[in-house]
Amino acid sequence: MSPRKSRQPEISEPSALEVVGLSKFYGDVAALEETDLEVPFGQSVVLVGHNGSGKSTLLSMAAGVLEPTGGEVLVHGEHNGTLSARAELSWLPDNPVLYDDLSLWEHVEFINRMHGGTGDDPFLDELLERLGVDDRRDHLPSQFSRGLRQKSAIAVALCRPFSVLLVDEPFVGLDASGRLALLELLDEARANGATVVVATHDPDVIDRFERGIMLENGELVHDGPARELHDLLGADDRRAG
Amino acid sequence: MSEVPISSAGPTDEASLRPLDEPAMRQAVVDMRRRRQRRRLGNHEWGELAYRVYTTTLAAIVAVVFASGLIGDDRLDASARADFLRQAPAWFGLGAAVVVLIGIRSGARGGPLALERQDVHHLLLAPVDRAFVLRRPAVGLLSYACLGGAILTGLGAGLFDQRLGGASLPWFACGALFGATLAALAIGAGLLTSSRLTSRWVPLGIGWALVLWALGDATGYAPTAPTTWLGSIVVWPLSVDLLGLVPIGVAVALPLIGLLTIGGLSVEAATRRTALVGQLRFAVTQQDLRTVVLLRRQLAQERPRTRPWFPATPGPVARRFPVFARDMRSVARWPIVRVARVLVLGASIGVVARATWAGTTPLVLVMGALAYVVALDAIEPLAQDVDHPGLLGSLPEIEGMVMVKHLAQPVLVMVGVGLVAVGAAYTVSPDPLVWQVGLPMVLPTAFAGVGGAAVTVVSEVDTGTGDDAVMPPEVAGPRLLFRTVWPPAVAVIGMLPLLAARVASEAGKDPAAAVTTWAIPVVVLGMLIVGWVRFRADIHESIATATGGGAA
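J.: Quick one: what's the story with the domain arrangement of chain B, residue by residue and with numbers?
T.: Residue and element names in this part refer to chain B. In terms of domains, chain B is made up of domain 1 (73-285) and domain 2 (313-461 + 471-546). The gap between the C-alpha centroids of domain 1 and domain 2 is 32 Å. Across the boundary between the two partners, domain 1 contributes 5 residues, which contact 7 residues of domain 2. Across the domain 1 to domain 2 interface the summed buried area is about 450 Å²; carbon plus sulfur atoms make up 83%. Its largest share of buried area at the contact with domain 2, domain 1 owes to Trp91, Leu215 and Tyr221, together 71% of the area lost on that side. Viewed at the interface, domain 2 and domain 1 are joined by 0 residue pairs in polar contact (both at pLDDT 80 or more). Tallied by class, the residues present in the side of domain 1 that touches domain 2 amount to 4 nonpolar, 1 polar and no charged.

Shown next as structure tokens:
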């Protein structure tokens, strides 16, 4: 596989990720009120909000793991359940999901192949190296610490072809080098044309993103430049204090 | 360091979506499964597996010999044989209808497959046809269920020759055919339901209709149900009814359609199921009924209502009886599914009671089991306090006393359930006698049901006396058996006044008087259980002191 450069989308093209009237209710409790969102190609978006604000719900529905009560999610104009959409979308949940009986290398090999790769691309080796887990490639993730499992999960999410990357709380359990490596990888993904949406509680990373979205009690309360989130989060914390 | 080419996956210049090489992707799934299977086989402790096979076979032989002794070998006379031939298919069919309903319910909740969480995340979200991914585990489950069903029912039916005559082999073969057909129907119906071709209420409605029809057929209130054709397969060695071929045909078609459409499985339901089914199985092996109840509710997504059905207990009453007021808040927040379940189970108690009155004595066990299940729902607030021993222990009152106060609300609920049961029995058979016998039955049913449920729930409380440690190991087995069987047995005891009333009625005496007379010992049993709930901790402490044990 060779690197591809980002491109400018045609004006008539659908967005990389489009959320139309999306909502999720558990009984009469709203986890996410009706929400509309459009994320163009190659944009990086940070999603913030307190616990229970609906960040994970929104991302899980976008990834196709949760079913919406109403509305739909389109990836490249296709419904997110279709084969084409699944091929484009990579999802890194907040809790690592790894097989106990496959080594780290077997994970990246098979998952790469399942998404159309050859399973032996040199970039897979490099990915493990950059995340600092190349010396653990033949180990079983069941023997890993929380931080190593998180790094493995990141490798598994990035080892496959994708053009839309959804990431939920990726910095939990990561050491400083792992955190830096992940931030660089996310930057590169975006620079190479991928659309990146990251949900986080970490205010220190907000400035690395172009667009910032804030959710509160399941409602979208802010959508604008990411740097504006600092003021909003500060005001919010002051209110809470 | 060179740039990691993450966007080797990114949008191409030619089209926004990548062309997919599906055969290669499917092959990757196959290869990964093979690798995992090889590793699992390599990790197997073959000696332990052989020992398990040995003990299972031994247990099966002991069970067959025991069952054989229980059945006896006195041949039935011609009239009894004719009765069996007439009634057995409908009863077997009723059992089959219940099993099929269980399959459909499982399908409505993302089953009957229980995938690994990793498979849901990596395989169902991969750009590979989900039907292809799910077919292999579905075929495995189907084969396992058919084989298990065939062996189980085959062995059971193989014993029929002792009373009904003929060779064992045909009985075994027909029993096995019945079991395999039933398993295929249940799994097939589950797969089809989980594929979401229609709303889940459609198959659930069909499932319930089948059960009610089969019940009506078995008790003589409805024409022949299709499940009776299935039940007739068991008695083919005596009389072949070709209508039995119909369910066999359906049992072939249903799983096939299910396997074709299984790709429609809900990823959300599958995810929820992966997390809960493993815990559920573990809880079952530990006979941890409370955990089973809680996990089953999570699986069914039963959540308390945010808007209560009725307003809070008025202030003065709530201040005087805070535990009761808290418990009624719990009932006020019951989800609609739980309300419906309690009403349906209550009505079922009434219908089954009517069939018991008509002469089918063993149905008293079903009545008791139903009352016990409803009471487990009704006793939820007490169970929640038991789940949080820290909270219970922090109250400024003796724990046993608080637990006793928790029993008022479930008894009240069970009285309501009893009235529903009487109403259902009257609907089935509009006879004033139903009211005369049914109304005095309400109280013993409530006391015994709540008594059984209370024994189950309160047994979970750790008394801190460490009495398990001082028990001789020989007692552990019988004690476990007693703890498992006694609670539903208490609920069944609550139904015995109905049998007394029937006997009195047959003897030309007043059945209502008989119910009242027999209700007294049941209520006394209920009061004894209340006393046990109140003083259980003291009793355990006394035992521990007497035996020189006690908590460190």
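J.: Talk me through the environment of glycine 263 of chain B; I want residue IDs and the actual numbers.
T.: All names here are of chain B. Mapped onto the elements, glycine 263 comes out in the loop between helix H10 (245-261) and helix H11 (267-285). On the accessibility criterion, glycine 263 (23% relative accessible area) is partly exposed. Remark: the alpha-carbon pair of glycine 263 and leucine 94, spanning 169 residues in sequence, is separated by 31 Å. For glycine 263, the residues in contact, after removing those within four places along its chain, are Arg130, Ala131 and Leu134.

J.: How would you explain the nonpolar core if you had to name every residue and give the values?
T.: One finds Leu58, Trp91, Met114 and Leu166 of chain A together with Leu124 of chain B to be the most contacted residues of the largest nonpolar core, which totals 81 residues. Of all the elements, helix H7 (residues 168-194) of chain B adds the most residues to this core, at 10 residues. Other than its neighbours up to four places away in sequence, leucine 166 of chain A contacts Leu17, Leu59, Ala62, Ala63, Leu89, Ser90, Trp91, Leu92 and Val197 of chain A. Membership of the second largest hydrophobic core comes to 54 residues, among which are Leu345, Val352, Val450 and Leu525 of chain B.

J.: So what about the sheet that holds strand S5 (residues 78-79) of chain A? Which residues, and what values?
T.: Residue and element names in this part refer to chain A. Across the sheet, 4 strands lie side by side as S2-S1-S4-S5; this open sheet has antiparallel pairing. With partners counted over all chains shown, the strands left at the sheet margins are strand S2 (29-39) and S5, one partner each. Here strand S4 (residues 70-75) pairs with S5 via 2 bridges, running antiparallel. Across the sheet, the residue bridging to leucine 74 is histidine 79, located in S5.

J.: Run through the environment of alanine 180 of chain B, naming residues and quoting values.
T.: Residue and element names in this part refer to chain B. Along the chain, alanine 180 turns up in helix H7. Of the residues examined, alanine 180 reaches a relative accessible area of 21% and is grouped as partly exposed. Remark: the alpha-carbon pair of alanine 180 and arginine 33, spanning 147 residues in sequence, is separated by 27 Å. Among all residues touching alanine 180, those that are not within four sequence positions of it are Cys146, Gly149 and Ala150.

J.: Give a detailed account of the pairing of strand S8 (residues 195-199) of chain A, specifying residues and quantitative values.
T.: Residues and elements named next belong to chain A. The element S8 is extensively covered by neighbouring structure, given that 5 of its 5 residues are classed as buried. Of the two faces of S8, the one carrying Thr195, Val197 and Ala199 and the one carrying Val196 and Val198 are both buried. In terms of strand pairing, strand S3 (residues 44-48) meets S8 through 4 bridges, oriented parallel. Bridge pairing in S8 places leucine 47 opposite alanine 199.

J.: Run through the pattern of salt bridges, naming residues and quoting values.
T.: Enumeration according to the criterion identifies 26 salt bridges over all chains in this entry. A salt bridge links glutamate 67 of chain A to arginine 196 of chain B; the nearest nitrogen and oxygen atoms lie 2.9 Å apart. Within this pair, whereas glutamate 67 of chain A is found in the loop between helix H1 (55-63) and S4, its partner arginine 196 of chain B is found in the loop between H7 and helix H8 (201-218), the two belonging to separate chains. You can call glutamate 67 of chain A partly exposed: its relative accessible area is 27%. The salt bridge involving aspartate 175 of chain A is made with lysine 151 of chain A; its shortest N-O contact spans 3.2 Å. With a gap of 24 residues between them, aspartate 175 of chain A in the loop between strand S7 (164-168) and helix H6 (176-191) and lysine 151 of chain A in helix H5 (residues 146-158) connect regions that are remote in the sequence. What makes aspartate 175 of chain A partly exposed here is its relative accessible area of 38%. Ionic contacts of the salt-bridge type, sharing partners, join the residues Asp101 of chain A together with Arg36, Arg40, Glu116 and Asp119 of chain B into one network.

J.: Explain unusual backbone geometry to me, and be specific about the residues and the numbers.
T.: Here the residue pair glycine 111 of chain B and proline 112 of chain B is connected by a cis peptide bond, since its omega of 0 degrees sits within 30 degrees of zero. Along the chain, proline 112 of chain B falls in the loop between helix H3 (78-108) and helix H4 (117-122). For histidine 76 of chain A, which is not glycine, the phi torsion reads 55 degrees and is therefore positive. Structurally, the position occupied by histidine 76 of chain A is in the loop between S4 and S5. One non-glycine residue, arginine 196 of chain B, lies in positive phi territory at about 60 degrees. Take arginine 196 of chain B: its relative accessible area is 44%, and that puts it in the partly exposed class.

Rules of the game
- Residues numbered from 1 in each chain as written.
- Chains lettered and ligands numbered in written order.
- Predicted model: local features only at pLDDT ≥ 70, side-chain atom pairs only at ≥ 80, totals over all residues.
- Heavy atoms only, no water.
- Domains from an automatic or database assignment.
- Contact = heavy atoms within 4.5 Å.
- Buried area = accessible area lost by both parts, 1.4 Å probe.
- Polar contact = N/O pair within 3.5 Å; in protein donor to acceptor, adjacent residues only side chain to side chain.
- Nonpolar A, V, L, I, M, F, W, Y, C, P; charged D, E, K, R; others polar.
- Helix = DSSP H or I, 4+ residues; strand = E, 2+ residues; numbered from the N terminus.
- Buried < 20%, exposed > 50% of the residue type's maximum accessible area, 1.4 Å probe, protein only.
- Core = buried A, V, L, I, M, F, W, Y, C linked by side-chain atoms within 4.5 Å.
- Pairing = 2+ DSSP bridges.
- Salt bridge = Lys/Arg side-chain N within 4 Å of Asp/Glu carboxyl O.

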